[in-house]
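# Overview (structure and organization)
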Amino acid sequence: MLLRKTTLSRSCVACVLMCVLVFYLIIYQQLPDHSSMQVHNRNHVGQPESLTRFEGPLTKDNLAERLSIIIREFENFDNALSETVRSIWESLGKVPVFIIADDLPYPPVPLNMNSEARMITLSGDLTRNYSSTCPMHFFQTQYVLIIPDATKILDWKQVQNLVLFLHTQKHTKAVAVPVGNAELSCQDLNVDMKHWSLSLNGNHSQATFYCPLVKGSHGLLMKTETFKSLAEPFARPFPFTFYVQASLKNWKVRITKSGRFDVLSQLYEEPHSHWKHKQAETKRLRTFYGKIGIKQETLASGFSNFYGCSKDTSRCFGTVINDMPEYLYLGRWTPPCCLKALRETAQHVFSVLDLCQVRYWLEGGSLLGAARHHDIIPWDYDVDIGIYKVDVEKCLTLSRATKERYIDEQLFVWETAVEGDFYRVQYSETNHLHVDIFPFYSRNGTMTKDTWFGTHRQDTEFPERFLQPLTKIKFAGTMASAPNNVTEFLEYKFGKGVIDKPKYPNFQNPL
Ligand code: ZN
Ligand code: MG
């Protein structure tokens, strides 16, 4: 009996196993391409099948299958592209060379066009298909070497050494090799997307062996897959745009310890050509910053260049809906140019109000920023102040704004806000960054006004004693007028502990 039972359960197990097997077989047949899956299984290190053909050392003979040369930086008006391509083939054999141009160069570049040299233009040409304007499509080799125009590579051994260096140095994503007599140096590079800013902080310490930003003319060798994983591989000026992206990805770049490429000829020697090249570089940098949203560039000297909005351009962000400016959705804070323009507007408004002795004080978020760190809250989008309504008559600028929109001598725009009975001072007619001025009046010792913003907790009445007397507080690069007992005033409006516990912006709860 016991024996029978075991045989029965055994045949049951066998039956179940059979079923499972058949089931898997059916599933397997349904899979789109099981031959490639087999290849994948055999190749367990996670290397895609397409790369297996790159096994073994780099040799002179397989160089053309392993390496592509890319030339991205050149000028239409002064280049040595034809000579560069010819020289590459002389020293390396017929490796694929790609010249990536913004537009079809004019005057035309005489290239002996064949499958090993391609001119790829990035600008749309509606007579061609999409992939022909998409260079990534063409890079089939294991490595890419991106060189400046007029670079002379001496022999294939130079490339071999670079590849060796790339592989022997831990965590190295790219290797830089000097071109001509350039002395390469390292600079610190800090890219801060949240603050729309980038800083170049002088020479990089020699204690680390990698380089955040290589200065001086150089070529860059990297794996093609590295290059392909960039969001903006062809952005100019190259390789600066590469280092900005590498910094965000925390990639390490090293300078080769030996080896140097030569130059075929000196470009941009003639003054006018030099000037044109510099102009073009500046324009490209501006375009790149615009595209990725860098609005402040701080140089090693500490001097800042602003690339964002100005009096002549519109504000960097659109109309604010539900107290949530669009930059917060991008995970970024107020653009530096906007903070700068807001500070300028605030300083201007304070000086006008001081001059005509209008009693004003910082309100809401602006006072909160002043209490926290003497400046506008880094994710705020305007400046708010309160004034005594009776004082409006004392100030021609304000009383005029009651009747009409008024542009003052420094091009700030004074007007009555469309949203209600308060004043708004805009940075300019085009740029609508602004200071809001809310007129309050005293009713039996309570400061009040006629319209309120339902969404703003801090928009409330308050005891007049906070304004008797007014005090001064450091704000936005100047001394601004403020209520007395700032902490008490802010806690009265926002709640206890508001100064020390910033509510960081998020999608639900911006301020
Ligand atoms: Zn701006
Ligand atoms: Mg505000």
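Attention in this report is confined to the structure presented alongside it. (Residues numbered from 1 in each chain as written. Chains lettered and ligands numbered in written order. Predicted model: local features only at pLDDT ≥ 70, side-chain atom pairs only at ≥ 80, totals over all residues. Heavy atoms only, no water.)

### Things to note about the sheet that holds strand β11 (residues 252-255)
Taken in spatial order, the seven strands make up an open sheet running β3-β2-β1-β4-β10-β6-β11, and their pairing is mixed. If you trace the sheet from one side to the other, it starts and ends with β3 (117-121) and β11, each paired once. Direction aside, the axes of adjacent strands within the sheet are offset by 25° on average. Here strand β2 (residues 97-101) runs beside β3; their pairing, made up of five bridges, is parallel. From the neighbouring strand, Ile 99 faces β3, where its bridge partner is Met 119. Most of the contacts of helix α7 (residues 240-249) go to strand β10 (residues 218-223), to which it runs at about 45°, and overall it touches β6 (172-178), β10 and β11. (Pairing = 2+ DSSP bridges. Helix = DSSP H or I, 4+ residues; strand = E, 2+ residues; numbered from the N terminus. Axes fitted to C-alpha atoms, helices over the stretch in contact; angles between N-to-C directions. Contact = heavy atoms within 4.5 Å.)

### Structural notes on the sheet that holds strand β13 (residues 296-298)
The five strands lie next to each other as β9-β7-β8-β13-β14, forming an open sheet whose pairing is mixed. One side of each edge strand has no neighbouring strand; the edge strands of this open sheet are β9 (213-215) and β14 (304-306). Taken pair by pair, the neighbouring strands of this sheet meet at an average axis angle of 20°, ignoring direction. As paired elements, β13 and β14 share three bridges and run antiparallel to each other. Of the residues in β14, the one forming a bridge with Gln 296 is Phe 306. Against the sheet, α7 makes contact with β7 (185-192), β8 (197-203) and β9, and its axis sits at roughly 60° relative to β7, the strand it touches most.

### Some thoughts on the coordination of the magnesium ion (ligand 2)
Taken together, Asp 382 (OD) and Asp 384 (OD) make up the protein donors of the magnesium ion (ligand 2), found 2.1 to 2.3 Å from the metal. The burial state of Asp 382 is the same as that of Asp 384; both residues are buried. (Donors = N, O, S within 2.8 Å, 3.2 Å for Na, K, Ca; no water. Buried < 20%, exposed > 50% of the residue type's maximum accessible area, 1.4 Å probe, protein only.)

### Some points on the packing of aromatic side chains
In this structure the tally under the stated criterion is 28 aromatic pairs. Each ring, one from Trp 361 and one from Phe 462, has its centre 6.1 Å from the other, and the planes form 75°; the classification is edge-to-face. You can see Trp 361 sitting in strand β15 (residues 360-362) and its partner Phe 462 sitting in strand β22 (residues 462-463), a full 101 residues away along the chain. Its relative accessible area of 0% is what places Trp 361 among the buried residues. Both rings, one in Trp 379 and one in Tyr 504, keep their centres 5.4 Å apart while their planes meet at 50°; by these two values the pair is tilted. Remark: Tyr 504 occurs in the segment after α13 (486-494) and Trp 379 occurs in the loop between α11 (364-373) and β16 (383-388); sequence separation between them is 125 residues. One aromatic cluster is present, formed by Phe 98, Phe 138, Phe 139, Phe 227, Phe 234, Phe 238, Phe 242, Tyr 243 and Trp 251 through successive ring pairs. (Phe/Tyr/Trp six-rings, centres within 6.5 Å; stacked < 30°, edge-to-face > 60°.)

Such coordinate-based values are descriptive only and should not be taken to indicate function.
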